[in-house]
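# Understanding the architecture of this molecule
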Amino acid sequence: MIRVVAMSACLAAVFGGHALAQGVANPDAGKGKAIASQVCVACHMADGNSAQPENPKLAGQHAEYLHKQLADFKPHGSAKPERENAIMAGMVANLSDADMRDVAAFYAAQTLDPAAAQDKNLAALGQKIYRGGNLKNGVAACASCHGPTGAGMPKQYPRISGQFAQYVEAQLKAFRAGARANDPNGMMRGVVARMTDQEIKAVAEYTAGLR
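Residues numbered from 1 in each chain as written. Predicted model: local features only at pLDDT ≥ 70, side-chain atom pairs only at ≥ 80, totals over all residues. Heavy atoms only, no water.

The next thing to look at is the nonpolar core. Considering soluble globular proteins, one finds that nonpolar side chains tend to be buried as a cluster. Counting 20 residues, the largest nonpolar core has I129, Y130, L172, V192, M195 and V203 as its most contacted members. For this core, the secondary-structure elements that each account for two or more residues are α7 (120–132), α9 (165–177) and α11 (197–209). Each residue touching L172, except ones within four places of it in the same chain, is listed here: M188, V192 and I200. The next biggest cluster of nonpolar side chains, apart from the first, holds 18 residues, and it includes A71, F73, V92 and M100. (Core = buried A, V, L, I, M, F, W, Y, C linked by side-chain atoms within 4.5 Å. Buried < 20%, exposed > 50% of the residue type's maximum accessible area, 1.4 Å probe, protein only. Helix = DSSP H or I, 4+ residues; strand = E, 2+ residues; numbered from the N terminus. Contact = heavy atoms within 4.5 Å.)

Right, here's the structure in full:
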């Protein structure tokens with residue numbers, strides 16, 4: 001979701017009234033599609049299957065998780081947003097909570113076009129860590145939270161199977177550095193704090209091909 005200046009300038013006019021009128025209605029994927037086609041398409045494509053590895057694939061992701069991430073990009077009063085990103089902050093600035101739930105419902109209903117692992121040896125190392133962790137360094141198995149197939153769990157853990165390896169690697173490193181800190185109870189930060197760059201890259205490579 002880029003082109004902040006151009007997009008943000010028209011968001012209020014396009015969705016300002018919509019947000020007020022929608023109230024607390026159940027998520028509406030149809031309305032979410034309309035919003036996504038105006039706000040999100042430049043980076044995440046029309047169906048949430050981003051073509052650029054720096055922008056995550058949103059198709060098929062849990063609606064609850066997507067809503068949380070969108071909400072976390074918004075500041076609350078004078079407080080900083082839980083997840084800081086200047087581009088995304090601009091994208092969600094004029095979206096109501098109902099708008100974000102609609103967008104999340106739309107992307108959750110789309111079919112993922114999964115990424116693929118490119119390095120067989122690296123993926124093999126990632127598989128070992130994903131399934132069994134690294135007892136020597138105290139790294140927990142990724143599968144214990146994200147599941148054996150990387151499907152995750154609604155409201156708690158995102159689907160990571162088929163995600164771009166580059167994006168997963170970047171997020172894991174952001175958690176480790178503290179640049180991303182919107183993980184409940186610091187769970188992800190605690191896990192990746194013990195991971196090496198090679199282990200992070202390996203896990204990311206493996207999850208790209210995980211099904």
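For the coordinates displayed, the defined rule picks out six salt bridges. Here K68 and D72 are joined by a salt bridge, their closest N and O atoms 2.5 Å apart. A residue pair is termed a helical-turn pair when its members lie 3 or 4 positions apart in one helix, as K68 and D72 do in helix α4 (residues 63–72) at four residues. What makes K68 partly exposed here is its relative accessible area of 27%. Of the charged contacts, one joins K173 and E169 as a salt bridge, the two residues approaching to 3.1 Å between their closest N and O atoms. Taken as a pair, K173 and E169 lie in helix α9 at a separation of four residues, close to a single helical turn. Salt bridges sharing common partners tie together E169, K173 and K201. (Salt bridge = Lys/Arg side-chain N within 4 Å of Asp/Glu carboxyl O.)

Interhelical geometry of α4 versus helix α6 (residues 97–108) gives an angle of 140 degrees and a closest axis separation of 8 Å. Classified by the interaxial angle, the pair formed by α4 and α6 is oblique. The way α4 lies across α6 gives a crossing that is right-handed. Between α4, through A63, L66, H67, L70 and A71, and α6, the contact on the second element is made entirely by D97, M100, R101, V103, A104, A105, Y107 and A108. Each residue belonging to the contact of α4 with α6 can be placed in one class, and the counts come to ten nonpolar, one polar and two charged. (Axes fitted to C-alpha atoms, helices over the stretch in contact; angles between N-to-C directions. Parallel < 35°, antiparallel > 145°, perpendicular 65-115°, else oblique. Left-handed = near helix turned anticlockwise from the far one by under 90°. Nonpolar A, V, L, I, M, F, W, Y, C, P; charged D, E, K, R; others polar.)

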